[in-house]
Amino acid sequence: NNSEFTVDGTLTNITKPDLNLSVKTHLVLEELDKFLRINQNLTGMVAFEGTVTGQIPDVTATGQLTCREGSAWRLDFENVSTDVTYQKEQVVVTNLDMDVFDGSVSGNGQLSFSGTPRYQASLAVENLNIEHTNSIVAPQQLPLKGHVSGKVEVQGSSFDFEDLILHASLSFRDVDAYGVK
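Reference entry: report on the structure contained in this document. In this text, all values refer to a predicted model and were calculated from it rather than measured experimentally. (Residues numbered from 1 in each chain as written. Predicted model: local features only at pLDDT ≥ 70, side-chain atom pairs only at ≥ 80, totals over all residues. Heavy atoms only, no water.)

1. Some points on the overall build of the protein
- Within the protein, the secondary structure is distributed over two helices and 10 strands.
- Ordered by position from the N terminus, the helices and strands of the protein form the series β-β-α-β-β-β-β-β-β-α-β-β.
- The C-alpha extent of the protein, read off along each of the three principal axes, is 70 × 30 × 25 Å.
- Looking at the 181 residues of the protein, the share that counts as buried comes to 31%.
- Carbon and sulfur atoms make up 53% of the accessible area of the protein, which totals about 11,600 Å².
- Between the mean site of the 12 positive side-chain charges and the mean site of the 24 negative ones, the protein shows a separation of 2 Å. (Helix = DSSP H or I, 4+ residues; strand = E, 2+ residues; numbered from the N terminus. Buried < 20%, exposed > 50% of the residue type's maximum accessible area, 1.4 Å probe, protein only. Areas by Shrake-Rupley, 256 points an atom, 1.4 Å probe, with all protein chains shown as cover. Lys, Arg positive; Asp, Glu negative; His and termini not counted. Charge placed at Lys NZ, Arg CZ, Asp CG, Glu CD.)

Here's what the structure looks like:
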């Protein structure tokens, strides 16, 4: 609907299509959420500039992805920039930088669509405002204030919050949790 694609390159062998394309896209995340049927409440506009090569269906897409602002699930984010590669039903994210919870996140990760969706990420978080965690655990509001920095490993075998596994080494600053400072 509102997504845009600009494609330049060659397509050879129509019966077994082989691609060598330069691609620029502006994807509306709500449309992507609906098309992929992942139901993660994606919002925003993402830009991708890169290449798509290979024989259909075994194509490889590689490039730079950016997003000024958006959300996934109930997590709002801004200023996303990352290198991405899609190959064999797997997305690999490297050099990720983004703003979230009034702080910043950087790192790498991967998402597999082969069979049951699986994901993992290694992230560095800097100065995240933990009061914003209420936006992802709502409707129950947790009495938390302060900032957190450190390393976080995330993994899961579905997009359900209950399947999320976190390993973290964090430092806290100016914390007020359940009225205790």
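2. Looking at the sheet that holds strand S10 (residues 165-177)
- Ordered by their spatial adjacency, 10 strands build an open sheet running S1-S2-S3-S4-S5-S6-S7-S8-S9-S10, and the pairing between neighbours is antiparallel. Single-partner strands in this sheet number two, and they are strand S1 (4-12) and S10. Each adjacent strand pair in this sheet contributes to an overall mean axis angle of 10°, direction not counted. (Pairing = 2+ DSSP bridges. Axes fitted to C-alpha atoms, helices over the stretch in contact; angles between N-to-C directions.)

3. Topic: the pattern of salt bridges
- One pass over the full model with this rule turns up one salt bridge.
- A salt bridge links Arg-173 to Asp-174, with the shortest nitrogen-to-oxygen separation between them at 3.0 Å. (Salt bridge = Lys/Arg side-chain N within 4 Å of Asp/Glu carboxyl O.)

4. Some points on the nonpolar core
- Phe-77, Val-80, Met-98, Val-100, Val-105, Leu-123 and Leu-128 are the most contacted members of the largest nonpolar core, which totals 23 residues.
- Among the elements of the structure, strand S5 (75-87), strand S6 (90-100), strand S8 (118-129) and strand S9 (144-156) are those that each provide at least two residues to this core.
- Ignoring sequence-local partners within four residues, the contact set of Val-105 consists of Leu-96, Asp-97, Met-98, Val-100, Leu-123, Ala-124, Val-125 and Leu-128. (Core = buried A, V, L, I, M, F, W, Y, C linked by side-chain atoms within 4.5 Å. Contact = heavy atoms within 4.5 Å.)

5. Remarks on the pairing of strand S2 (residues 18-28)
- As judged from the nine bridges shared by S1 and S2, these two strands associate in the antiparallel manner. Paired with Thr-12 across the strands is Asp-18, a residue of S2.
- Here S2 pairs with strand S3 (residues 43-55) via 11 bridges, running antiparallel. Counterpart to Thr-25 in the pairing with S3 is Phe-48.

6. Let's talk about the side chain of Asn-129
- Among the secondary structure elements, Asn-129 is positioned in strand S8.
- Judged by relative accessible area, which is 13%, Asn-129 ranks as buried.
- Among all residues touching Asn-129, those that are not within four sequence positions of it are Phe-101, Asp-102, Gly-146 and His-147.

7. Some words on the environment of Val-100
- On the secondary structure map, Val-100 appears in strand S6.
- Taking C-alpha positions, Val-100 is 8.9 Å from Asn-79, a pair spaced 21 residues apart along the chain.

8. Description of a negative patch on the surface
- Among the surface-exposed residues, Glu-69, Asp-76, Glu-78 and Asp-102 lie close enough to one another that they form a single negatively charged patch.
- Note on placement: Asp-76 falls in strand S5. (Patch = residues over 30% accessible without salt bridge, like charges linked within 9 Å, V, L, I, M, F, W, Y side chains within 5 Å.)

9. Quick notes on the environment of Gly-50
- For Gly-50, the location among the structural elements is in strand S3.
- Taking the C-alpha atoms as reference, Gly-50 lies 20 Å from Gly-107; in sequence the two are 57 residues apart.
- Excluding its chain neighbours within four sequence positions, the residues that come into contact with Gly-50 are Leu-21, Ser-22, Val-23, Thr-62 and Gly-63.

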